[in-house]
Amino acid sequence: MEKFLKDYIEHVRPVFGRIPEQTAHVIASAFFSFKFELYPKTLRECTTALSQVPEGDGSATLEKALSIVNAYAVAYGNAQVRPETVPAFDDADRAYLAVNLPPEVNEDPLTLALDNALLLLYAVAVISSPDDEQALEEHRKYLVTMLETYKRALGLV
């Protein structure tokens, strides 16, 4: 799944390589704060990043990813299992998502949306925030492990 993650990052690099370094750093911070369950910080970082995402291809998908992570941070911060409402990725977003599963194979759409959101935030940060490169590399296994759960559904077994 390491190769799958690497291929995904290279696939979205041409689109998200235009994200300003400062914005990508905020996105990296949102990713890390969510991973470390620092939900108030996640909320601040997602809000800041949402105001900084430049217009262009993939921007709407990146904004949805930030909104999804934000919704989960609110829910988890309030000791809820899931948010009451979660933005949904649609067909237009598929080109920018790591895991695209047909509805009949997708057993948990909300978890898939969160996983895709985290994968996209990670990819954007890796691509456009060189200052965070080493820290992101140290957490790569977290994403590879996440992707392992989709291995069978993706037909990679």
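These numbers come from a predicted model, not from an experiment.

A. The arrangement of the pattern of salt bridges in detail. Under the definition given, this model contains 10 salt bridges. For E10, the salt bridge goes to R13, with nearest N and O atoms at 2.9 Å. Taken together, the positions of E10 and R13, both in helix α1 (residues 2–16) and three residues apart, correspond to about one turn of that helix. Relative accessible area serves as the criterion here: at 41%, E10 is assigned to the partly exposed category. With a relative accessible area of 32%, R13 lands in the partly exposed category. The shortest N-O distance in the salt bridge between R140 and E137 comes to 3.6 Å. Under the relative-accessibility criterion, R140 is labelled buried at 10%. Note on E137: relative accessible area 47%, which makes it partly exposed. In the salt-bridge network here, residues are joined through shared partners; they are E2, E137 and R140.

B. Up close: unusual backbone geometry. Even without a glycine there, the phi angle at E37 is positive, about 60°. Residue position: E37 is located in the loop between α2 (21–35) and α3 (39–52). Judged by relative accessible area, which is 56%, E37 ranks as exposed. Backbone geometry at A79 places phi at a positive 60°, although glycine is not the residue there. Residue placement: A79 occurs in the loop between α4 (59–77) and α5 (109–128). By relative accessible area, A79 is classed as exposed at 73%.

Rules used throughout
- Residues numbered from 1 in each chain as written.
- Predicted model: local features only at pLDDT ≥ 70, side-chain atom pairs only at ≥ 80, totals over all residues.
- Heavy atoms only, no water.
- Salt bridge = Lys/Arg side-chain N within 4 Å of Asp/Glu carboxyl O.
- Helix = DSSP H or I, 4+ residues; strand = E, 2+ residues; numbered from the N terminus.
- Buried < 20%, exposed > 50% of the residue type's maximum accessible area, 1.4 Å probe, protein only.

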